[in-house]
Amino acid sequence: MKTSNTPSLLAGYGRCNLTPRKPCFLVGYPHVERTATGQHDPLLVSALVLQSGENQIAFIAIDWLFVSAEWTRQCREAIAAATGIAAEAIMIGASHTHSGPHTAEILAWRDDPVVPAVDHAYLNDSLNQVVTAVVDAHKALQPVSAQWVKANVKGIAGGNRIDPQGPEDPEAGLLVLRNANTDKVEQILSVYGMHPTVLHEDSTFYSNDFIYFTRRYLERAFPGVGVVYLNGVCGNQSPRRVVKAQTFAEADRIGTALGMRMATEILNQSSTPPSTTFSIKALTSKIQIEGKTFPDIEHAKANLQAARERYQQLLDSEADRSAVRTAECTVFGAEEVYTLAKAEADGTADALRQRYAEAEIQVFQVGPCAITAWPGEFFVEYALQLKNASPLPVFPVTMANGELQGYVVTPEAEAANGYEAQMSLFPASTGAQFVSATIALLQQLNPNAAT
């Protein structure tokens, strides 16, 4: 039973357009010269601010491949100064679109001749837009009722891209916020883990991929709603096994179906009744992580040759399209390892390990459930471990507050030495570190605060 002195919940939404005003390199596919020739849909920053009593938290979604830890810190400081929201209570997550500008320097791409340096002028302009979106959300705070809804979206947007029978997490978590007086749906915060890679290297338009169409469907189903879409744990999750073509029509099909499933669950209201007194809380911690050492140059060169030969064999035998794509990605990974081997030899890799030796974990209580934030691209097995061990229902977000230079894979993936494992800066043991430290933070939250 809710206590009578629990403060009312307030929510506000804001968004701004981050689409570059000039043609930019589109980041996400190695060795492909992709300069934007136009815009299919705007790249947005979407912000949701929640307040209960003196506690305030902010969830920010940005339509980029990555956000860096340094840029996140600058954004948080500016947002805190403008709104009074504590910096540690602000989450900034990237949608992970592969059709947006280059926003974080990745060492593995250093030798890629088509990848330019990050445009810091664009990042500075974008920081101002992010602050504006959060300020607008903060000014728009009004009483709401809140409700958590879970949507099973299995088979719609994809699955395990390495193994068709491999683990996946088909659960989308939806925080639905309604006007306390009219019951109109005002904001939706969604957490679902899937690579937005329906569009491939032949697309030269700015786009948030299928996520744009999911967001659009929700906006049409609930007119006037503000949607914040955060990507969950998707390191080995992609549309590869469900797409019929790499087109906007296919992104529309998948994204619309995903949005429809989410909207249906919201309309069914199949979870707990809405509450006007959700408690909110934010906790954060830093953990020490140790990067791995890369092979010597000769071993990296031999590994690259073997990967190229395997890829050519599959091409020559006209193997299944998904198997060919997986082998092609392994070649990309081997090429990046060759770059990393050279960085190991010249000391650059060691400097990077020192720079990334500390990583941040965030946890947020929102009523009876929690949202967590990890930097980097984690394999879905770590999300499942976290959910199974958590003391309360939890929805993990990745690509949040930093990028860890890429993937955090499982021990099995590390042994298989595929694309994701090859370009990882950190060993598989890092994933268990994050899960353990996150569970410790979750145990500090009070899961009965909203019951």
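In this report, we go over the structure that sits alongside the text. (Residues numbered from 1 in each chain as written. Predicted model: local features only at pLDDT ≥ 70, side-chain atom pairs only at ≥ 80, totals over all residues. Heavy atoms only, no water.)

### Considering the environment of Leu107
Residue placement: Leu107 occurs in the loop between strand 5 (90–94) and helix 2 (120–139). Judged by relative accessible area, which is 10%, Leu107 ranks as buried. Setting aside its immediate chain neighbours within four residues, Leu107 contacts Thr339, Leu340, Ala343, Thr348, Ala349, Leu352 and Gln405. (Helix = DSSP H or I, 4+ residues; strand = E, 2+ residues; numbered from the N terminus. Buried < 20%, exposed > 50% of the residue type's maximum accessible area, 1.4 Å probe, protein only. Contact = heavy atoms within 4.5 Å.)

### Notes on the pattern of salt bridges
Here the structure, examined in full by the defined rule, presents 22 salt bridges. Between Glu420 and Arg161 there is a salt bridge; the shortest N-O distance is 2.9 Å. Separated by 259 residues along the polypeptide, Glu420 in helix 10 (residues 419–422) and Arg161 in the loop between strand 7 (159–160) and strand 8 (171–179) bring together distant segments of the chain. Of the two residues, Glu420 and Arg161, both sit in the buried class. The salt bridge involving Arg353 is made with Asp350; its shortest N-O contact spans 3.6 Å. In this pair, Arg353 and Asp350 are both assigned in helix 7 (residues 348–355), three residues apart and thus about one turn of the helix distant. Judged by relative accessible area, Arg353 falls into the buried class, the value being 12%. The network of salt bridges with shared partners includes Arg110, Asp111, Lys342 and Asp346. (Salt bridge = Lys/Arg side-chain N within 4 Å of Asp/Glu carboxyl O.)

### Here's the deal with empty space enclosed by the protein
According to the stated counting rule, one finds two cavities of 30 Å³ or more in the structure shown. By volume, the largest cavity is sized at about 90 Å³. Looking at the largest cavity, it is lined by 13 residues, and the ones nearest its centre are Asp169, Glu171, Gly193, Gly232 and Val233. Taken together, the elements giving at least two residues each to the lining of the largest cavity come down to strand 9 (185–192), helix 8 (380–389) and strand 17 (394–397). Tallied by class, residues from the lining of the largest cavity come to seven nonpolar, three polar and three charged. Taken as a whole, the second largest cavity spans an internal volume of roughly 50 Å³. As for the second largest cavity, its lining consists of Ile106, Leu107, Ala108, Phe294, Leu340, Leu352, Gln405, Met423, Ser424 and Leu425. A breakdown of the residues in the lining of the second largest cavity according to their chemical character gives eight nonpolar, two polar and no charged. (1 Å grid on protein atoms, 1.4 Å probe; cavity = no way out; pocket = protein on both sides within 12 Å on 5 of 7 lines; lining within 4 Å. Points joined across faces, edges and corners; volume = space filled by probe spheres on them. Nonpolar A, V, L, I, M, F, W, Y, C, P; charged D, E, K, R; others polar.)

### Digging into helix 11 (residues 429–442)
Taking 1.5 Å as the rise per residue, helix 11 with 14 residues should run 20 Å; its terminal C-alpha atoms sit 20 Å apart, in good agreement. By the burial criterion, the buried members of helix 11 are Thr430, Gly431, Phe434, Val435, Ala437, Thr438, Ile439, Leu441 and Leu442. (Expected span 1.5 Å × (residues − 1).)

### Focus: the packing of aromatic side chains
What the rule picks out here adds up to 11 aromatic pairs. Aromatic rings pair up to connect Trp374, Phe378, Tyr382 and Phe434 into one cluster. (Phe/Tyr/Trp six-rings, centres within 6.5 Å; stacked < 30°, edge-to-face > 60°.)

### Here's the deal with helix 4 (residues 248–268)
Think of an α-helix as 3.6 residues a turn; residues three or four steps apart then line up on the same face. Helix length check: helix 4 (21 residues) gives 30 Å between terminal C-alpha atoms against 30 Å at 1.5 Å per residue, within 8%. Within the sequence span of helix 4, burial applies to Glu250, Ala251, Ile254, Gly255, Thr256, Leu258, Gly259, Met262, Ala263, Glu265 and Ile266. At its buried positions, helix 4 is contacted by strand 6 (142–152), strand 8, strand 9, helix 3 (210–221) and strand 11 (226–231). Gln269 occupies a position one or two residues after helix 4 and carries a positive phi of about 45°.

### Some words on the nonpolar core
Generally speaking, nonpolar side chains in soluble globular proteins are found buried as a group. In terms of nonpolar packing, the biggest core is built from 110 residues, with Leu50, Phe59, Ile60, Ile62 and Trp71 touching the most fellow members. For this core, the element with the highest residue contribution is helix 2, accounting for nine residues. In contact with Trp71, other than residues within four places in its own chain, are Ile62, Trp64, Ile92, Leu123, Ser126, Leu127 and Val130. The next biggest cluster of nonpolar side chains, apart from the first, holds 29 residues, and it includes Leu174, Ile188, Phe210 and Leu218. (Core = buried A, V, L, I, M, F, W, Y, C linked by side-chain atoms within 4.5 Å.)

### A closer look at the environment of Ala343
For Ala343, the location among the structural elements is in helix 6 (residues 321–346). Between the C-alpha atoms of Ala343 and Ala133, which are 210 residues apart in sequence, the distance is 39 Å.

### As for the side chain of Arg178
Inspection of the secondary structure assignment puts Arg178 in strand 8. One buried charge, Arg178, has no salt-bridge partner; the nearest side chain with opposite charge is Asp183, at 4.1 Å. Within polar-contact distance, the side chain of Arg178 engages the backbone oxygen of Asp183 at 3.4 Å. Sequence-distant contacts of Arg178, defined by excluding residues within four places in its chain, comprise Pro143, Val144, Ser145, Gln147, Asp183, Lys184, Val185, Glu186, Ile266 and Gln269. (Lys, Arg positive; Asp, Glu negative; His and termini not counted. Polar contact = N/O pair within 3.5 Å; in protein donor to acceptor, adjacent residues only side chain to side chain.)

### Looking at the sheet that holds strand 17
Read from one edge of the open sheet, four strands run 13-14-15-17, paired in mixed fashion. Since the sheet does not close on itself, it has two edges, and those belong to strand 13 (280–288) and strand 17, each with one partner. The sheet shows a mean angle of 15° between the axes of neighbouring strands, direction not considered. Here nine bridges tie strand 13 to strand 14 (residues 358–366), and the two strands are oriented antiparallel to one another. The partner of Ile280 across the bridge, within strand 14, is Val366. Strands strand 15 (369–373) and strand 17 of the sheet are contacted by helix 8, whose axis makes an angle of about 150° with strand 17. Helix 11 contacts strand 13, strand 14, strand 15 and strand 17 of the sheet and is inclined by roughly 40° relative to strand 14. (Pairing = 2+ DSSP bridges. Axes fitted to C-alpha atoms, helices over the stretch in contact; angles between N-to-C directions.)

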